[in-house]
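# Overview (structure and organization)
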Amino acid sequence: MSVRPLVAGNWKMNGTRSALKELGLMAEGYDAALRASVDLMICPPAPLVFLAAGAAIGTRIGIGAQDCHAEASGAFTGEVSAEMIADAGAGAVIVGHSERRQYFKETDAVVEAKARAAIRAGLAAIVCVGETREEREAGKTLGVVGRQVARSVPEGATPATVIVAYEPVWAIGTGLTPTTADIAEVHALIRKKLVGRHGKQAAGIRILYGGSVKPANAKELMAVPNVDGALVGGASLKAADFLAIAAAYR
Ligand code: 13P
């Protein structure tokens with residue numbers, strides 16, 4: 001099955017309103033040739049989602065958020081629901097990023113509930129998985145990632161509702177990446193788990209690779225079997241870098 005690739009940018013806790021000029025530059029560089037071959041998405045910090053969604057109208061660049069609460073509304077001071085994110089104009093939300101799992105102690109059950117909330121609100125859930133350095137060195141990568149996919153991706157996942165992002169924790173922000181063979185092995189496992197549980201249509205669920213994706217390595221990483229795009233951190237903050245990564249699909 002041919003899957004339309006997605007290059008998504010996770011701005012993390014970076015960027016104020018002035019950063020939206022980069023979104024404008026991305027839109028300018030997202031020309032017909034790129035639009036024909038790859039989807040683009042930017043996930044800015046929550047206060048910028050509404051403005052970014054407005055700025056992105058007519059550009060065909062998707063806007064996503066970086067986290068949501070599982071409930072639709074209520075007494076959860078400081079939290080943002082998937083319904084609010086959808087109402088702000090976004091089309092997707094990242095859930096279970098390793099920084100949330102690590103610093104905010106999010107379990108697979110929490111991530112799964114957030115992913116269900118995203119789908120309930122009409123958003124695509126970008127479900128992140130990935131092993132730590134200790135887990136890789138102990139030979140536990142496939143076990144860990146397999147378990148995270150089984151427990152974090154909700155029942156009934158479809159290509160429209162779920163995107164999986166494989167982000168080895170040790171590759172995030174470090175300049176390190178797994179070998180292409182290692183990435184191929186993990187993505188094949190994720191594909192097998194998705195199809196095994198969600199049926200044949202899960203062959204169309206996009207599986208992104210994330211972790212130190214840069215213009216210099218994008219082409220090689222995006223050519224790995226079952227890699228249907230990238231989730232980019234640092235290199236998504238500047239339009240020139242982000243577009244150079246997307247150009248791997250040109
Ligand atoms: P870097 O691209 O900065 O390594 O971050 C990856 C990431 O965590 C994207 O979600």
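Just so we're clear, the structure is a prediction, and the values are computed from it rather than from any experiment.

### Examining the site of the ligand
- Among the 13 residues in the neighbourhood of the ligand, the closest are listed as Lys-12, His-97, Gly-173, Ser-212 and Gly-234.
- A distance of 2.9 Å separates an oxygen atom of the ligand from a polar backbone atom of Gly-233.
- Here an oxygen atom of the ligand and a backbone polar atom of Gly-234 are 2.8 Å apart.
- In isolation the ligand has 310 Å² of accessible area, and contact with the protein removes 96% of it.
- Of the residues contributing to the shell around the ligand, the split by class is 4 nonpolar, 7 polar and 2 charged.

### Brief notes about the sheet that holds strand S4 (residues 92–95)
- Strand order in this closed barrel of 8 strands is S1-S2-S3-S4-S5-S6-S7-S8, and the pairing throughout is parallel. Across the sheet, the mean angle separating the axes of adjacent strands is 25° when strand polarity is ignored.
- Bridging between S4 and strand S5 (residues 124–129) involves 4 bridges; their strand directions are parallel. Within S5, the residue paired with Val-93 across the bridge is Ala-125.
- Set on the sheet, helix H1 (residues 20–29) makes contact with strand S2 (39–43) and strand S3 (61–65); between it and S3 the angle comes to about 145°.

### Remarks on helix H11 (residues 239–246)
- For H11, the full list of buried residues reads Ala-239, Phe-242, Leu-243, Ile-245 and Ala-246. Buried positions in H11, seen along its axis, are confined to an arc of 155° and lie on one side of it.

### Regarding the layout of surface pockets
- Each pocket or cavity is described by its volume, and for the largest pocket that value is around 500 Å³.
- Lining of the largest pocket is provided by 20 residues; of these, Lys-12, Ala-46, Gln-66, Asp-67 and Arg-100 occupy positions nearest its centre.
- A per-element tally of the lining of the largest pocket places helix H5 (residues 98–103) first, with 3 residues.
- The residue makeup of the lining of the largest pocket, split by class, is 10 nonpolar, 5 polar and 5 charged.

Rules used throughout
- Residues numbered from 1 in each chain as written.
- Predicted model: local features only at pLDDT ≥ 70, side-chain atom pairs only at ≥ 80, totals over all residues.
- Heavy atoms only, no water.
- Near = heavy atom within 4 Å.
- Polar contact = N/O pair within 3.5 Å; in protein donor to acceptor, adjacent residues only side chain to side chain.
- Areas by Shrake-Rupley, 256 points an atom, 1.4 Å probe, with all protein chains shown as cover.
- Nonpolar A, V, L, I, M, F, W, Y, C, P; charged D, E, K, R; others polar.
- Pairing = 2+ DSSP bridges.
- Helix = DSSP H or I, 4+ residues; strand = E, 2+ residues; numbered from the N terminus.
- Axes fitted to C-alpha atoms, helices over the stretch in contact; angles between N-to-C directions.
- Contact = heavy atoms within 4.5 Å.
- Buried < 20%, exposed > 50% of the residue type's maximum accessible area, 1.4 Å probe, protein only.
- Arc of directions from axis to C-beta.
- 1 Å grid on protein atoms, 1.4 Å probe; cavity = no way out; pocket = protein on both sides within 12 Å on 5 of 7 lines; lining within 4 Å.
- Points joined across faces, edges and corners; volume = space filled by probe spheres on them.

Any functional reading would require information beyond the geometric quantities listed.
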